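# Structure assessment
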Amino acid sequence: MNKLKILSKSIWVFHFASAACNNCDIEILDVLTPRFDVERFGVKLVGSIKHADAMLVSGMMNRKGAEFLKDLYDQAPKPLAVIAFGSCASSMGMFKVSYNRVIPVDEIIPVTAYIPGCPPRPEAIIDGVVKVVKKLRGEI
Amino acid sequence: MKTIFYFLVFPGFLFALIVGMVASYIERKVTARVQWRVGPPILQPWYDLLKLFTKESVVPENAHLLTFLATPVLFMVSATLVAMYAGMAFFFPDAAFQGDLIVIVYLLTIPPICLILAGAASANPLASLGASREIKLVLSYELVFWMTIAVIWVKTGGELSLVNIMNKPPVMYSYSGGIASVLALFVMQAKLGRVPFDIAEAETEIMAGAYIEYSGPLLGFFKMGQYILLATLPFFISSIFWGGVNVFKYVALLVIVILVENTNPRLKVKQCLKLFWFILFPLSLVALILAVVGL
Ligand code: SF4
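Here's a quick rundown of the structure. For clarity, every value in this text was computed on a predicted model and none was experimentally measured.

### Here's the deal with the interface of chain A and chain B
Taken residue by residue, the interface counts 26 residues in chain A and 28 residues in chain B. Between chain A and chain B the total buried area reaches about 2300 Å² when both faces are included, carbon and sulfur atoms providing 56% of it. At the surface where chain A touches chain B, the tally comes to six salt bridges. Between A:Lys50 and B:Glu213 there is a salt bridge, and its shortest N-O distance comes to 2.2 Å. Between chain A and chain B we count 17 residue pairs in polar contact (both at pLDDT 80 or more) in total.

### Here we look at a nonpolar patch on the surface
Residue and element names in this part refer to chain B. Together, Ile4, Phe5, Leu8, Val9, Leu14, Ile18 and Val22 make up a nonpolar patch on the protein surface, roughly 590 Å² of accessible area in all. For the nonpolar patch, the secondary-structure elements that each account for two or more residues are α1 (2–8) and α2 (13–34). Tracing the backbone through its elements, the reader meets Ile4 in helix α1.

### Overview of the pattern of salt bridges
Evaluation of the coordinates by the stated rule reveals 12 salt bridges over all chains. We note a salt bridge from B:Lys55 to A:Asp53, for which the minimum N-O separation is 2.8 Å. You can see B:Lys55 sitting in the loop between α3 (44–54) and α4 (65–91) and its partner A:Asp53 sitting in the loop between β2 (44–46) and β3 (54–58), one on each of two chains. Here the two residues B:Lys55 and A:Asp53 agree in accessibility, since each one is buried. Overlapping salt bridges, with partners in common, bring together A:Asp37, A:Glu39, B:Arg28, B:Arg37 and B:Asp48 in one network.

### A look at helix α2 (residues 23–30) of chain A
All names here are of chain A. Within the span of α2, buried status applies to Cys24, Asp25, Glu27 and Ile28. Buried positions in α2, seen along its axis, are confined to an arc of 160 degrees and lie on one side of it. Turning to α2, the residues buried within the fold contact β1 (12–17), β3, β4 (81–85), α4 (86–91) and α5 (122–136).

### Here's the deal with the sheet that holds β4(A)
Residues and elements named next belong to chain A. Strand order in the open sheet formed by five strands is β2-β1-β3-β4-β5, and the pairing between neighbours is parallel. Edge positions in the sheet fall to β2 and β5 (113–115), since each of these pairs with one other strand and no more. Each adjacent strand pair in this sheet contributes to an overall mean axis angle of 30 degrees, direction not counted. As defined by bridge partners, β1 adjoins β2 across three bridges and the pair is classed as parallel. Residue pairing across strands places Phe14 opposite Val46, the latter belonging to β2. Contacts from α5 reach β4 and β5 within the one sheet, and its direction differs from that of β5 by about 175 degrees.

### As for empty space enclosed by the protein
All names here are of chain B. The full count for this structure, using the stated rule, is three cavities of 30 Å³ or more. Quantified by volume, the largest cavity comes out at close to 290 Å³. Taken together, 23 residues line the largest cavity, and the ones lying closest to its centre are Leu115, Glu134, Lys191, Leu192 and Gly193. Elements represented by at least two residues in the lining of the largest cavity include exactly α6 (110–121), α7 (125–155), α9 (175–191) and α11 (216–241). Among the residues forming the lining of the largest cavity, the class breakdown is 16 nonpolar, two polar and five charged.

### What about the pairing of β3(A)?
All names here are of chain A. A large share of β3 lies buried, amounting to five of its five residues. Here β3 shows two buried faces, one formed by Ala54, Leu56 and Ser58 and the other by Met55 and Val57. Relative to β3, β1 is paired through five bridges, and the arrangement is parallel. By the bridge assignment for β3, Phe14 is matched with Met55. Bridge count for β3 against β4 is five bridges, and the pairing is parallel. Its bridge partner being in β4, Met55 is matched across the sheet by Val82.

Here is what the cut-offs are and how they apply
- Residues numbered from 1 in each chain as written.
- Chains lettered and ligands numbered in written order.
- Predicted model: local features only at pLDDT ≥ 70, side-chain atom pairs only at ≥ 80, totals over all residues.
- Heavy atoms only, no water.
- Contact = heavy atoms within 4.5 Å.
- Buried area = accessible area lost by both parts, 1.4 Å probe.
- Salt bridge = Lys/Arg side-chain N within 4 Å of Asp/Glu carboxyl O.
- Polar contact = N/O pair within 3.5 Å; in protein donor to acceptor, adjacent residues only side chain to side chain.
- Patch = residues over 30% accessible without salt bridge, like charges linked within 9 Å, V, L, I, M, F, W, Y side chains within 5 Å.
- Areas by Shrake-Rupley, 256 points an atom, 1.4 Å probe, with all protein chains shown as cover.
- Helix = DSSP H or I, 4+ residues; strand = E, 2+ residues; numbered from the N terminus.
- Buried < 20%, exposed > 50% of the residue type's maximum accessible area, 1.4 Å probe, protein only.
- Arc of directions from axis to C-beta.
- Pairing = 2+ DSSP bridges.
- Axes fitted to C-alpha atoms, helices over the stretch in contact; angles between N-to-C directions.
- 1 Å grid on protein atoms, 1.4 Å probe; cavity = no way out; pocket = protein on both sides within 12 Å on 5 of 7 lines; lining within 4 Å.
- Points joined across faces, edges and corners; volume = space filled by probe spheres on them.
- Nonpolar A, V, L, I, M, F, W, Y, C, P; charged D, E, K, R; others polar.

Put into structure tokens, the structure is as follows:
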């Protein structure tokens, strides 16, 4: 069996929140609740980047956070999927003109999937999970 | 040749691992049902394990290399040895030897020691915190555990062989044995590191404690050891207190563990020590006195 195929059956997610306005973080917890329950697909939240198979990046990435993000990415055991979560992380969102010099995540590390929305609805998140699984299996 | 078969296939490594994975599936599924969720598919523990062995292992720069690499393997091997001795007494009574109770009780302390060493060797503040908490946890439950073993010893008239203990009438059906078997449930919960005694890995406080720096295959060895322990401990407790094992007794013990896990908050380190030393230890003393008196 293909390595990445196995990976796609048991994705452990590490959540990196860089100055998110907290709506994104709450929505992530939503998909673990009974109504959406992503544990059906083997998705689990873990607390250490060393255990992670996917890194979920939410919030606006500023110059200070970018260094930490890069560090964490280097420390993580590969293969690792990176998911840009919410419009802030994917495309700077409403903080585009901020004095804080925001950068989108894909300019720092390679991104596997984007989940749009501000904040994304749980359905969009599950769609994102499907996208990551498909990408890992090489179907898209 | 035969010993290798006992160790690697049945009732050792392979058998215990498969039982442990099924037990872990039951645990996750029941937890999910308690929370009104659907839960993972039945092969989920197997996928998790397989995935961990396909990933790379990252070793921290400042870690003590030998200890860091050896402890996960030792953890798994000692858990497997426990599974082998406990299983031999049940499946091959002729091949088991006198005094294996003591061996099992000693072997059961090696996994926590490995965990402590692993935490201390990984050069991470949270891992050292996890190690220190694990030490306190071991200090709390070990005393009570030995007292319950002593109750068994007195009740069965000085038996130290698992086979003979299983052939006697179950210890549970007496006042002292009843108290001791309830205490053993507490100890089992703590030895498995399940809530309310999961202070050493406390996901929400110190991430994963001693496991924090482990990744890939090394974490996989720890996971295998945990599965094997999850398979073995209810088996062991049931065979010394409930007079032998069968599927119903095993699942009943497992479900007790899971339900306690799902209905309790995590204790603080201090509360855990207090519970074991000042509440459960006197109780175990009472049980021992009752056993000596003959109740
Ligand atoms: S995407 Fe929207 S909800 Fe998410 S952190 Fe940015 S502003 Fe907040």
